[in-house]
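Overview (structure and organization)
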Amino acid sequence: MAAVKEKLVTIRLPKTKERQDDVFVSVNERTWQIKRGVAVEVPECVAEVIANSEKAEEERWAFEEANQK
């Protein structure tokens, strides 16, 4: 049985003073460790997980800021 080829996308996670650690992603029992500051090719599902995580973090910051007033 031939393996289904996944669509790959290139991503680059910024490396900042606050964020220097690699990013661990797991999708359906497969795992990736993504180095910050380096362009890498990952399956589309990995890029989607990272984008959803960033969106959730932005929403958390907005919620916390709104509730501090």
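To start, this report covers the structure provided alongside it. It should be emphasised that the depicted structure is a prediction, and the values quoted were computed from it without experimental measurement.

With that settled, consider helix 1 (residues 44-67). Counted at 1.5 Å a residue, the expected span for helix 1 with its 24 residues is 34 Å, and the 35 Å between its end C-alpha atoms agrees. Within helix 1, burial applies to Val46, Ala47 and Ile50. Packed against the buried residues of helix 1 are strand 1 (8-12), strand 2 (23-27), strand 3 (30-34) and strand 4 (39-43).

The next subject is the side chain of Arg36. Relative to the elements of secondary structure, Arg36 occurs in the loop between strand 3 and strand 4. For Arg36, which is buried and forms no salt bridge, the nearest opposite charge comes from Glu54, at a distance of 6.3 Å. From its side chain, Arg36 meets the backbone oxygen of Pro14 in a polar contact 2.8 Å long. There is a polar contact of 3.0 Å between the side chain of Arg36 and the backbone oxygen of Asp21.

When you line up the elements, Val46 lands in helix 1. Under the relative-accessibility criterion, Val46 is labelled buried at 0%. C-alpha separation for the pair Val46 and Trp32, spaced 14 residues apart in sequence, amounts to 8.2 Å. When sequence neighbours within four positions are dropped, the list of residues in contact with Val46 reads Val25, Trp32 and Ile34.

Opposite charge on two side chains allows them to pair when their charged atoms are near. Counting across every chain of the model gives four salt bridges. Across the pair Lys7 and Glu44 runs a salt bridge whose closest N-O atoms are separated by 3.7 Å. Of this pair, Lys7 sits in the segment before strand 1 while Glu44 is found in helix 1, placing the two residues 37 residues apart along the sequence. Between Arg19 and Glu57 there is a salt bridge whose closest N-O contact spans 2.3 Å. In this pair, Arg19 is assigned in the loop between strand 1 and strand 2 and Glu57 in helix 1, connecting sequence segments 38 residues apart.

One finds Ile11, Leu13, Val23, Val25, Val27, Trp32, Ile34, Val42, Val46, Ala47 and Ile50 forming the largest nonpolar core, which totals 11 residues. The set of elements that each furnish at least two residues to this core consists of strand 2, strand 3 and helix 1. Discounting chain neighbours no more than four positions away, the residues touching Val23 are Leu13, Trp32, Gln33, Ile34 and Arg36.

Reading the values: the criteria
Residues numbered from 1 in each chain as written. Predicted model: local features only at pLDDT ≥ 70, side-chain atom pairs only at ≥ 80, totals over all residues. Heavy atoms only, no water. Helix = DSSP H or I, 4+ residues; strand = E, 2+ residues; numbered from the N terminus. Expected span 1.5 Å × (residues − 1). Buried < 20%, exposed > 50% of the residue type's maximum accessible area, 1.4 Å probe, protein only. Contact = heavy atoms within 4.5 Å. Lys, Arg positive; Asp, Glu negative; His and termini not counted. Salt bridge = Lys/Arg side-chain N within 4 Å of Asp/Glu carboxyl O. Polar contact = N/O pair within 3.5 Å; in protein donor to acceptor, adjacent residues only side chain to side chain. Core = buried A, V, L, I, M, F, W, Y, C linked by side-chain atoms within 4.5 Å.

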